[in-house]
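Below are the chains, spelled out letter by letter.
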Amino acid sequence: MASPLKSLYLDRSSYLQAFKLFLECSTGYRCMKDFMDTRLPDVLASIVNGKSHLNVIGVGSGSGELDLKMLSVLHQNYPQMTVHNEVVEPDPQQLQDYRSLVSRTPGLGYITYKWNKMTAQEFEEQWKENKTIKKVDFIHMIQMLYCVEDAGATISFYQSLLDRNGKLLINQVTGDSGWGKLGKTYGKEFFNAEVSCVTSEDVKRLLASKGLSYRSYELPSETDITQCFIKGNERGEQLLDFVTQVQHFRKSASPELQAEIEEFLRSECSKETDDKVFFNYNSEVIVVDRLN
Ligand SMILES: C[S@@+](CC[C@H](N)C(=O)[O-])C[C@H]1O[C@@H](n2cnc3c(N)ncnc32)[C@H](O)[C@@H]1O
């Protein structure tokens, strides 16, 4: 009998390995970096507005590659600007990887850091306990709202930290992405207390329900998941675990569920070209202003 499905998220080292593999097979980071080169400068211009120092918070920054890319775009456009960068990341390995990326990247002398090995919620509690009055210019949450208990409350708290002209940048997959569709159809089986499938549409709905305005940018991207369909292929099984967010999906899901999911992944979540299966990984960047 198949064992109950366990969240991949609970096995941190497998989760991180599978996440890295997913990114290797994906155009997601490339699209995000293109966004940073082409669209982020306008967002930054509206934040900077004559300032020579910015307070930045990265929430769920992972190993920091995208954070440093954003800061390098800032530096290219404003070479005199200094930055205080607070990183909020609960995973010790990710935080360590971020710190080691910083130490091997030249030219980051304009940045000072505060490393917070904690969740977004713990950071909020600490901020309130310390009665911190500092205001923040730029806060980003890239693909991390899946991991918080209450996305609406998280957005509200971080938005409340923004200074005049400050911006909160959120990036989540869209409702029509593979995960958007998997979440809608199989949310109960695959997404759980640890990880929920919050889409950019969910975020926009939350913002609209509070009467908040935002700008959004669509980022089409895809992940080659062809190997997921080759039984016994180690990389494919790891990738499938990440796509379904289930530990050892092949071993723990019933043969019927496996067949159903394979079919769903091919027909609803992906497109097939030249014998390859490309999982839809479209996402959206949403930029929110300070609450006035
Ligand atoms: C999908 S990864 C995205 C990482 C990075 N932003 C990127 O795009 O490469 C989600 C990140 O959020 C972190 N995370 C998980 N739960 C969190 C929480 N409650 N608060 C803050 N970050 C969290 C994870 O450890 C992980 O590094």
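Here's a quick rundown of the structure. (Residues numbered from 1 in each chain as written. Predicted model: local features only at pLDDT ≥ 70, side-chain atom pairs only at ≥ 80, totals over all residues. Heavy atoms only, no water.)

## So, the overall build of the chain
Working step 1: Of the regular secondary structure elements, the chain holds 12 helices and 10 strands.
Working step 2: A compact globule built from 292 residues should have a C-alpha radius of gyration of about 19 Å, and the chain, at 19 Å, falls within 12% of that.
Working step 3: For the chain, the C-alpha atoms occupy an extent of roughly 60 × 40 × 30 Å along the three principal directions.
Working step 4: Each of the 292 residues in the chain was classed as buried or not, and the buried ones make up 53%.
Working step 5: Carbon and sulfur atoms form 49% of the exposed surface of the chain, whose accessible area is close to 13800 Å².
Working step 6: Computing the positive centroid from 33 side-chain charges and the negative centroid from 40, the chain places the two 6 Å apart. (Helix = DSSP H or I, 4+ residues; strand = E, 2+ residues; numbered from the N terminus. Rg over C-alpha atoms; globule rule 2.2 N^0.38 Å. Buried < 20%, exposed > 50% of the residue type's maximum accessible area, 1.4 Å probe, protein only. Areas by Shrake-Rupley, 256 points an atom, 1.4 Å probe, with all protein chains shown as cover. Lys, Arg positive; Asp, Glu negative; His and termini not counted. Charge placed at Lys NZ, Arg CZ, Asp CG, Glu CD.)

## What about the sheet that holds strand β3 (residues 111–116)?
Sheet strands pair by backbone hydrogen bonding; their relative direction is either parallel or antiparallel.
Working step 1: The sheet built from 7 strands is open, its strands ordered β3-β2-β1-β4-β5-β10-β6 with mixed pairing. Because the sheet does not close on itself, it has two edges, and the strands there are β3 and β6 (214–219). The average undirected angle you get between the axes of adjacent strands in this sheet is 15 degrees.
Working step 2: The pairing of strand β1 (residues 53–59) with strand β4 (residues 136–142) spans 4 bridges and is classified as parallel. (Pairing = 2+ DSSP bridges. Axes fitted to C-alpha atoms, helices over the stretch in contact; angles between N-to-C directions.)

## Here we look at the site of the ligand
Working step 1: Looking at the ligand, there are 20 residues lining it, with Y9, Y29, G60, E89 and A120 nearest.
Working step 2: Here a nitrogen atom of the ligand and a backbone polar atom of G60 are 2.8 Å apart.
Working step 3: In this structure, Q94 approaches the ligand through a side-chain N or O atom, which is 3.3 Å from an oxygen atom.
Working step 4: Burial of the ligand by the surrounding chains reaches 95%, relative to a free accessible area of 590 Å².
Working step 5: The cavity that encloses the ligand is the largest pocket. (Near = heavy atom within 4 Å. Polar contact = N/O pair within 3.5 Å; in protein donor to acceptor, adjacent residues only side chain to side chain. 1 Å grid on protein atoms, 1.4 Å probe; cavity = no way out; pocket = protein on both sides within 12 Å on 5 of 7 lines; lining within 4 Å. Sits in = over half its atoms within 2 Å of the grid points.)

## Considerations on the layout of surface pockets
Working step 1: Put simply, the largest pocket is a space of about 800 Å³.
Working step 2: Lining the largest pocket are 48 residues; nearest its centre among them are Y15, I142, Q143, M144 and C147.
Working step 3: Broken down by secondary-structure element, the contributors of at least two residues to the lining of the largest pocket are α1 (12–24), α2 (28–38), α4 (65–77), α6 (120–129) and β4.
Working step 4: If one sorts the elements of the lining of the largest pocket by residue count, α1 sits on top with 6 residues.
Working step 5: Of the residues in the lining of the largest pocket, the class split is 27 nonpolar, 16 polar and 5 charged. (Points joined across faces, edges and corners; volume = space filled by probe spheres on them. Nonpolar A, V, L, I, M, F, W, Y, C, P; charged D, E, K, R; others polar.)

## Considerations on the packing of aromatic side chains
Working step 1: This model, assessed by the stated rule, comprises 18 aromatic pairs.
Working step 2: Note on F22 and Y281: the rings are 5.0 Å apart at their centroids and 90 degrees apart in plane angle, and the pair reads as edge-to-face. One end of the pair, F22, is in helix α1; the other, Y281, is in the loop between β9 (276–280) and β10 (283–289), and 259 residues separate them in sequence. The residues F22 and Y281 share a single accessibility class, namely buried.
Working step 3: Taken together, a centroid distance of 5.1 Å and an interplanar angle of 10 degrees make the contact between Y113 and W115 stacked.
Working step 4: A residue is classified by how much of its surface remains accessible, and Y113, at 22% relative accessible area, is partly exposed.
Working step 5: Aromatic rings pair up to connect Y9, Y15, F19, F22, W179, F242, F279 and Y281 into one cluster.
Working step 6: A cation over a ring is seen here: R12 above Y9, with NZ or CZ 4.4 Å from the ring centre. (Phe/Tyr/Trp six-rings, centres within 6.5 Å; stacked < 30°, edge-to-face > 60°. Lys NZ or Arg CZ within 6 Å of the ring centre and 35° of its normal.)

So yeah, pure geometry; function would need other evidence.
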